[in-house]
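So you can see what is in the structure, the chains are spelled out below.
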Number of protein chains: 2
Amino acid sequence: MTAPSADVRTDAFVAALARAGQRVTLPRQAAARLVAARIGHFTAAQLMEDAEAAGEPIGRATVFRALDLFASLGLVERVDLPDGNHAFVVCRAVHHHHAICTRCGRSVDISDASLGEALAAVERQTGFRMTAHRLELFGLCAECAASGVR
Amino acid sequence: MTAPSADVRTDAFVAALARAGQRVTLPRQAAARLVAARIGHFTAAQLMEDAEAAGEPIGRATVFRALDLFASLGLVERVDLPDGNHAFVVCRAVHHHHAICTRCGRSVDISDASLGEALAAVERQTGFRMTAHRLELFGLCAECAASGVR
DNA sequence: ATGCTAGTTGATACTGTGTCTCATATGGAA
DNA sequence: TTCCATATGAGACACAGTATCAACTAGCAT
Ligand SMILES: [Zn+2]
Ligand SMILES: [Zn+2]
Ligand SMILES: [Zn+2]
Ligand SMILES: [Zn+2]
């Protein structure tokens, strides 16, 4: 169960763009590469810094547009950090949630399965008809927990 | 099971301030009154408009500080709307979650109970040690669903 | 009641995020 | 290679949230 390499993930991004009939532009490829190289969650600002540092700066508007596009294709997902900041994580397309390490930022995809019944129960109790939900789990990953600090 | 009136909720806010050893200032009382009068979720900007409209304007910084204070006392809670905006909802102090109507903004408190076991399972599977989580449910409340539109 | 003081307020300035516009550049099809 | 619909990015903008600091006030001591 080796995690896919950054190259493979970059290719997946590019392939997804083409499949969706979206142009594979240089800035989008650069963004894909930078996103794929990221370990945990990241903000739009961080991605811009990455681009700068990699010697291929991308305009601010383009970064936001690329991230929105990736999100609309299900390649990344927006998460709201506990401090209120907005970030993104790489992820699979099917609906699921994220466990995010508050120390290193690493995120693990969590199945939505366990929530289904709980959600139905809430609908029965409240009369609400749910159309969307957001579940974000924060804590320490095994590595960070083992290393003791914080 | 009548919902508490705005007056009662205002008093609860003021009482909570005093109990916590916080000063009961005029702007804080005004903010408490305005928050208590709100039906669903609201933003800091909306609360400022409310204050303006009520003829007792409150400085922007003070609104943010009052809301932070209320949140630290568990009187309100920050929620992240699906559109990425930050808002607040009135709520009880014990940990729980919110079902929020995307049409009228009304929110219903949801018990955390159903999540406990699911959370433990995730910890077992991922090795994460969870320290916090956020669950927000979005949909249409019974009234809005009944009224048909959207 | 009066004064005192630590805590609070709010005008202002500032940072940072995200959006909009539009002239220029370019991907990809023909 | 040509062409044009689409994408880019500089710069201006709108807005959220924070920092500063002189003026004010709640609550306590007298
Ligand atoms: Zn994911
Ligand atoms: Zn970690
Ligand atoms: Zn609540
Ligand atoms: Zn509703």
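The rules behind each value
- Residues numbered from 1 in each chain as written.
- Chains lettered and ligands numbered in written order.
- Predicted model: local features only at pLDDT ≥ 70, side-chain atom pairs only at ≥ 80, totals over all residues.
- Heavy atoms only, no water.
- Salt bridge = Lys/Arg side-chain N within 4 Å of Asp/Glu carboxyl O.
- Helix = DSSP H or I, 4+ residues; strand = E, 2+ residues; numbered from the N terminus.
- Contact = heavy atoms within 4.5 Å.
- Buried area = accessible area lost by both parts, 1.4 Å probe.
- Polar contact = N/O pair within 3.5 Å; in protein donor to acceptor, adjacent residues only side chain to side chain.
- Nonpolar A, V, L, I, M, F, W, Y, C, P; charged D, E, K, R; others polar.
- Pairing = 2+ DSSP bridges.
- Donors = N, O, S within 2.8 Å, 3.2 Å for Na, K, Ca; no water.
- Buried < 20%, exposed > 50% of the residue type's maximum accessible area, 1.4 Å probe, protein only.
- Near = heavy atom within 4 Å.
- Phe/Tyr/Trp six-rings, centres within 6.5 Å; stacked < 30°, edge-to-face > 60°.
- Domains from an automatic or database assignment.

Caption draft 1: Focus on the pattern of salt bridges. Applying the stated criterion across every chain yields a total of 12 salt bridges over all chains. A salt bridge links Arg38 of chain A to Asp50 of chain A; its shortest N-O distance comes to 2.9 Å. Separated by 12 residues along the polypeptide, Arg38 of chain A in the loop between helix H2 (26–37) and helix H3 (44–53) and Asp50 of chain A in helix H3 bring together distant segments of the chain. Between Arg33 of chain B and Glu56 of chain B there is a salt bridge, with the nearest N and O atoms lying 2.9 Å from each other.

Caption draft 2: The arrangement of the interface of chain A and chain B in detail. Each side of the interface is counted separately: chain A has 35 residues, and chain B has 35 residues. Ranking the residues of chain A by area buried against chain B places Phe128, Arg134 and Phe138 of chain A at the top, with a combined share of 24%. Summed over the shared surface of chain A and chain B, the result is two salt bridges. Residue Glu136 of chain B pairs with Arg134 of chain A through a salt bridge whose shortest N-O separation is 3.0 Å. Counting the contacts that link chain A with chain B gives 15 residue pairs in polar contact (both at pLDDT 80 or more). Among the elements of the structure, strand S1 (76–80), strand S3 (97–101), strand S4 (107–110), helix H5 (113–126), strand S5 (129–140) and helix H6 (142–146) of chain A are those that each provide at least two residues to the side of chain A that touches chain B. At 12 residues, the largest contribution of residues to the side of chain A that touches chain B is made by S5 of chain A. Across the side of chain A that touches chain B, the residue classes break down as 21 nonpolar, eight polar and six charged. Sheet topology places S5 of chain A next to strand S5 (residues 129–140) of chain B; 11 bridges connect them, and they run antiparallel.

Caption draft 3: Summary view of the coordination of the zinc ion (ligand 3). Residues and elements named next belong to chain B. Every protein donor of the zinc ion (ligand 3) is accounted for by His96 (NE2), His98 (NE2) and Asp109 (OD), and the metal-donor separations fall at 2.0 to 2.7 Å. Spacing between the donor residues of the zinc ion (ligand 3) along the chain follows H-x1-H-x10-D. Looking at His96, the relative accessible area reads 0%, which means it is buried. The exposure class of His98 is buried, given its relative accessible area of 2%.

Caption draft 4: Region of the structure containing the environment of Ile39 of chain A. Residue and element names in this part refer to chain A. Mapped onto the elements, Ile39 comes out in the loop between H2 and H3. Note on Ile39: relative accessible area 65%, which makes it exposed. The sequence separation of Ile39 and Gly84 amounts to 45 residues, and the corresponding C-alpha distance is 20 Å.

Caption draft 5: Quick look at the protein's contact with DNA strand D. Around DNA strand D, 19 residues are found, and the nearest of them are Arg23, Thr25, Thr62 and Arg65 of chain A together with His86 of chain B. The separation between a phosphate oxygen of DNA strand D and a polar side-chain atom of Gln22 of chain A is 3.3 Å. For the surface near DNA strand D, the secondary-structure elements that each account for two or more residues are H2 and helix H4 (60–72) of chain A together with helix H4 (60–72) of chain B. Per-element accounting of the surface near DNA strand D gives the leading share, three residues, to H4 of chain B. The residue inventory of the surface near DNA strand D, partitioned by class, reads seven nonpolar, six polar and six charged.

Caption draft 6: Seen up close, the packing of aromatic side chains. If you walk through the whole model with that rule in mind, you get four aromatic pairs over all chains. Judged by centre distance (5.1 Å) and plane angle (80 degrees), the ring pair of Phe13 of chain A and Phe70 of chain A falls under edge-to-face. With Phe13 of chain A in helix H1 (residues 6–19) and Phe70 of chain A in helix H4, this pair connects stretches of sequence that are 57 residues apart. Here the aromatic rings of Phe42 of chain B and Phe88 of chain B are separated by 6.2 Å at their centres, their planes lie at 25 degrees, and the arrangement is stacked. Of this pair, Phe42 of chain B sits in the loop between helix H2 (26–37) and helix H3 (44–53) while Phe88 of chain B is found in strand S2 (residues 86–90), placing the two residues 46 residues apart along the sequence. Note on Phe42 of chain B: relative accessible area 0%, which makes it buried. On the basis of relative accessibility, which here comes to 7%, the residue Phe88 of chain B falls in the buried class.

Caption draft 7: Quick peek at the domain arrangement of chain A. Residues and elements named next belong to chain A. When the domains of chain A are assigned, the result is domain 1 (1–92) and domain 2 (94–150). Domain 1 puts 12 residues into the contact, and the matching count from domain 2 is 12 residues. Buried area between domain 1 and domain 2, summed over both chains or domains, comes out near 1,100 Å², and the portion from carbon and sulfur atoms is 56%. The largest share of the area that domain 1 buries against domain 2 comes from His41, Asp80 and Arg92, three residues that together contribute 46% of it. The tally of links between domain 1 and domain 2 comes to one salt bridge. Of the charged contacts in the structure, one is a salt bridge between Arg134 and Asp80, with a shortest N-O distance of 3.2 Å. At the boundary of domain 1 with domain 2, the tally comes to two residue pairs in polar contact (both at pLDDT 80 or more). Broken down by element, the residue count for the side of domain 1 that touches domain 2 peaks at four residues, all from S1. Taken together, the residues that form the side of domain 1 that touches domain 2 break down as six nonpolar, two polar and four charged.

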